[in-house]
Amino acid sequence: MAARVLDGKAIAADFLMALKERSASVAERLGRQPHLVAVLVGDDPASRVYVRNKERAAEKADVRSTLLTLPSSTSETDLVSRLQALNVDPKVDGVLVQLPLPKGIHEPAILRAVSPDKDVDCFHPLNVGLLAEGSPFLLPCTPAAVLEILRRSNVPLEGANVVVVGRSNIVGKPLALLLIQKEVGATVTVCHTQTRNLAEEVRRGDVVVAAAGRAGLITAEMLKPGAVVIDVGTNRGADGRLVGDVDFQAAVDVASAISPVPGGVGPMTCALVVRNTVEAAARRAGFKAAS
Ligand code: NAP
């Protein structure tokens, strides 16, 4: 039987609709809408699309969004001072710097320059530390998107073997941290380019999360029959179309559920950026953290 397709677009729409209530209470207390500022340096077309998608998601939860576009000639010092100004602006709750940055700008320095209180991407070392400690304030967006899709699709995670392919600071590593939290309770294997036998590891997964950025890396033969597959990868296929890391056409006959690319993790990631903006604003308004 063909796998259930996990519709990230529909899940994100529900999530944002539910977020409106929290957004409205925060707006009432602050006397203004929660406010996200996205900083785009240069003119990478893909980055423009990602930022536009986040703006659209913000609209759906009554969150204000502003785009700050800077030329690709912007220096690291200029960018840092722009971020410092946003950090102290009382009318700004969330700040995100769209990656990748132009060559010559040291990414880690920029990610550290965003105030942890407004760090809606959850890239600042303080927020990463809180996550590692098990008491996160803001959640890493793509990892939290994966978890939200699994939860809302009623995929059991307690005690489940979850195989994550990829160990980046943006996806694989923080996802592993989220999954091993006591409230989730998964047993996690993290694979990377030094993994000896990827197929063998993947086959142990009740849930497989592919986040390698390699089209077709995960084949149907690697999957345990009935596995749940979440494809984070976004790659350009030979014909220019967006494809994931999983051979979707074949995997759909082996998996019990699978997220597509596009229309899977991407929309939910945008929704999580908005959720973090609302939570950052909620803290500013003196609300307790949402559970
Ligand atoms: P990244 O920084 O390039 O990391 C890729 C990871 O995959 C690395 O840990 C790498 O291992 C591992 N890897 C690569 N090839 C592999 C192979 N053949 N076998 C095993 N492991 C392999 O990428 P990223 O930022 O994590 O992003 C991963 C993918 O997700 C990309 O396609 C990206 O565009 C996509 N993405 C999507 C969203 C979304 O919202 N949909 C958000 C973020 C990222 P090493 O560490 O050994 O190099």
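See the structure above.
Residues numbered from 1 in each chain as written. Predicted model: local features only at pLDDT ≥ 70, side-chain atom pairs only at ≥ 80, totals over all residues. Heavy atoms only, no water.

Enquirer: For this particular structure, what's the right way to read the environment of V128?
Expert: As for its position among the elements, V128 is in helix 5 (residues 125-133). For the pair formed by V128 and A251, sequence separation is 123 residues and the distance between their alpha carbons is 33 Å. Non-local contacts of V128, meaning those with residues more than four positions away in its chain, are made with C122 and F123. (Helix = DSSP H or I, 4+ residues; strand = E, 2+ residues; numbered from the N terminus. Contact = heavy atoms within 4.5 Å.)

Enquirer: Explanation requested: helix 7 (residues 172-179) in the structure shown.
Expert: Residues three or four positions apart in an α-helix share a direction because the helix packs 3.6 residues into each turn. Buried residues dominate helix 7, accounting for six of its eight residues. Taken residue by residue, helix 7 has G172, P174, L175, A176, L178 and L179 as its buried positions. (Buried < 20%, exposed > 50% of the residue type's maximum accessible area, 1.4 Å probe, protein only.)

Enquirer: Looking at this structure, I do not really get the pairing of strand 3 (residues 64-70). What am I missing?
Expert: The pairing of strand 2 (residues 35-41) with strand 3 spans seven bridges and is classified as parallel. Residue pairing in the sheet places V39 in a bridge with L68 of strand 3. In this fold, strand 2 hands off to helix 2 (residues 45-60), which returns the chain to strand 3; that crossover is right-handed. (Pairing = 2+ DSSP bridges. Right-handed = clockwise from strand over helix to strand, strands pointing away.)

Enquirer: Would you explain the site of the ligand in this entry?
Expert: Near the ligand there are 18 residues, and of these R167, S168, T193, T234 and T269 occur at the shortest range. Within the contact set of the ligand, an oxygen atom lies 2.7 Å away from a side-chain nitrogen or oxygen of R167. A distance of 2.5 Å separates an oxygen atom of the ligand from a polar atom in the side chain of S168. Here the ligand has 930 Å² of accessible area as a free molecule, and 70% of this is covered by the chains. Placement of the ligand is best described as lying within the largest pocket. Taken together, the residues that form the shell around the ligand break down as five nonpolar, eleven polar and two charged. (Near = heavy atom within 4 Å. Polar contact = N/O pair within 3.5 Å; in protein donor to acceptor, adjacent residues only side chain to side chain. Areas by Shrake-Rupley, 256 points an atom, 1.4 Å probe, with all protein chains shown as cover. 1 Å grid on protein atoms, 1.4 Å probe; cavity = no way out; pocket = protein on both sides within 12 Å on 5 of 7 lines; lining within 4 Å. Sits in = over half its atoms within 2 Å of the grid points. Nonpolar A, V, L, I, M, F, W, Y, C, P; charged D, E, K, R; others polar.)

Enquirer: Please clarify how empty space enclosed by the protein should be interpreted in this entry.
Expert: Evaluated as defined, the whole model comprises one cavity of 30 Å³ or more. Of the pockets and cavities examined, the largest cavity occupies roughly 40 Å³. Around the largest cavity, the lining residues are V95, L96, V97, L111, V114, D119, D121 and F123. Per element, the largest residue contribution to the lining of the largest cavity is three residues, and it comes from strand 4 (residues 94-97). Residues of the lining of the largest cavity, tallied by class, amount to six nonpolar, no polar and two charged. (Points joined across faces, edges and corners; volume = space filled by probe spheres on them.)

Enquirer: What is the right way to look at the packing of aromatic side chains in this model?
Expert: Geometrically, a pair of aromatic rings is defined through the distance of the ring centres and the angle of the planes. Under the definition given, this model contains zero aromatic pairs. For R29, the ring lying beneath its charged end belongs to F287, and the centroid distance is 4.3 Å. Cation over ring: R283 sits above F137, and NZ or CZ is 3.6 Å from the ring centre. (Phe/Tyr/Trp six-rings, centres within 6.5 Å; stacked < 30°, edge-to-face > 60°. Lys NZ or Arg CZ within 6 Å of the ring centre and 35° of its normal.)

Such coordinate-based values are descriptive only and should not be taken to indicate function.
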